[in-house]
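Chain and residue survey
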Amino acid sequence: IHDYSQKRDVLYHHVYLPHDAPYPLTNIQDLCTLVEQSTKRKDGVYCREIECSLPRELTFEQQLDLLTAFAGWFIRQNMVIQANMHGGTDGQNPHIHLLAPVRDLLDDGSFGKVNRGWGQRSFLELMRTVWQDLVNEAMAKAGCAQRVSHQSLAEQGINRNPTAHVGAKVSA
């Protein structure tokens, strides 16, 4: 486990819960404890991490609305989402990290069995489509002409090599 408590570029943090979730889960420490206690195996998986880039063309408020809309999709699947928004060391790499426990949230506020459907390729593809649609909607609302696609260049019929992602340490 890595300690992110000294991370300086966290712009926003929130735990998103299904509407009928009990109050104690809004505390990140209680949430993590409950997730750990529900996992019996020492090599068990607690959560899935989802990382998404945010369009730099959007304002902070628009990026936050985008994050909230995406988290809303997850909570409609009865998933708990712990979200962090980062700007990158120079503010030029806005992105979000979502942590989603892999277990179903039960009515009593505990976590049940692992939801295997959330790890399926079809769920990943649906999640990527939802993100694409939300980003494109936010870009259109902001008056930006650019659009994103979750498909590969080949799937889009674009005949060129993809660009390599250059991290913050290299581009700084």
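Our subject is the structure that appears above.
What you see is a predicted model; the values in this text were computed from it and never measured. (Residues numbered from 1 in each chain as written. Predicted model: local features only at pLDDT ≥ 70, side-chain atom pairs only at ≥ 80, totals over all residues. Heavy atoms only, no water.)

Here we take up the side chain of histidine 97. Note that histidine 97 resides in strand 4 (residues 95-101). In this structure, histidine 97 is in contact with Glu49, Ile50, Glu51, Gln82, Ala83, Asn84 and His86, ignoring residues within four places of it in sequence. (Helix = DSSP H or I, 4+ residues; strand = E, 2+ residues; numbered from the N terminus. Contact = heavy atoms within 4.5 Å.)

Let's shift gears to the environment of glutamine 82. Relative to the helices and strands, glutamine 82 resides in strand 3 (residues 81-86). A residue is classified by how much of its surface remains accessible, and glutamine 82, at 7% relative accessible area, is buried. Residues within four places of glutamine 82 in sequence aside, it is in contact with His13, His14, Val15, Ile28, His97, Leu98 and Leu99. Within polar-contact distance, the side chain of glutamine 82 engages the side chain of histidine 13 at 3.0 Å. (Buried < 20%, exposed > 50% of the residue type's maximum accessible area, 1.4 Å probe, protein only. Polar contact = N/O pair within 3.5 Å; in protein donor to acceptor, adjacent residues only side chain to side chain.)

Once that is clear, we can look at the sheet that holds strand 2 (residues 47-53). A sheet is described by the order of its strands in space; here 4 strands give the open sequence 1-3-4-2, paired in antiparallel fashion. Edge positions in the open sheet fall to strand 1 (10-16) and strand 2, since each of these has one partner strand only. Each neighbouring strand pair of the sheet contributes to a mean axis angle of 15°, computed without reference to strand direction. Judged from the 5 bridges that link them, strand 3 and strand 4 form a sheet pairing that is antiparallel. Along strand 4, the bridge assignment pairs glutamine 82 with leucine 99. Running over the sheet, helix 1 (residues 28-38) touches strand 1, strand 2, strand 3 and strand 4 and is turned about 55° from strand 1. In this fold helix 2 (residues 60-76) packs onto strand 1, strand 2, strand 3 and strand 4, with an angle of close to 25° to the strand it touches most, strand 1. (Pairing = 2+ DSSP bridges. Axes fitted to C-alpha atoms, helices over the stretch in contact; angles between N-to-C directions.)

For the pair helix 2 and helix 3 (residues 121-141), the least separation of the axes is 10 Å and the interaxial angle reads 150°. Compared by their axis directions, helix 2 and helix 3 come out roughly antiparallel. As for how helix 2 packs across helix 3, the hand of that crossing is right-handed. Contact with helix 2, carried on its side by Leu66, Ala69, Phe70, Trp73 and Phe74, involves Phe123, Leu126, Met127, Val130, Trp131, Leu134, Val135 and Ala138 of helix 3 and no other residues of that element. Among the residues forming the contact of helix 2 with helix 3, the class breakdown is 13 nonpolar, no polar and no charged. (Parallel < 35°, antiparallel > 145°, perpendicular 65-115°, else oblique. Left-handed = near helix turned anticlockwise from the far one by under 90°. Nonpolar A, V, L, I, M, F, W, Y, C, P; charged D, E, K, R; others polar.)

For the rest of this paragraph, the subject is helix 2. Helix length check: helix 2, at 17 residues, gives a terminal C-alpha distance of 24 Å against a target of 24 Å (1.5 Å per residue), a fit within 8%. Within two residues after helix 2, asparagine 78 carries a phi angle of roughly 65°, on the positive side. (Expected span 1.5 Å × (residues − 1).)

A word on the pairing of strand 6 (residues 111-114). In this sheet, strand 6 lies alongside strand 5 (residues 103-105) in antiparallel orientation, the contact comprising 2 bridges. Each bridged residue has a counterpart across the sheet, and for leucine 105 the counterpart in strand 6 is phenylalanine 111.

This brings us to unusual backbone geometry. The backbone of asparagine 78 shows a phi angle near 65°, a positive value even though the residue is not glycine. With respect to the helices and strands, asparagine 78 occurs in the loop between helix 2 and strand 3. Residue class for asparagine 78 comes out partly exposed when judged on its relative accessible area of 29%.

All right, on to the packing of aromatic side chains then. By the definition in use, this model includes 4 aromatic pairs. Seen in terms of ring centroids, phenylalanine 70 and phenylalanine 74 are 4.9 Å apart; in terms of plane orientation they differ by 75°. Their pairing is edge-to-face. Remark: phenylalanine 74 and phenylalanine 70 occur in helix 2; sequence separation between them is 4 residues, near one turn of the helix. Classification of phenylalanine 74 as buried rests on a relative accessible area of 0%. (Phe/Tyr/Trp six-rings, centres within 6.5 Å; stacked < 30°, edge-to-face > 60°.)

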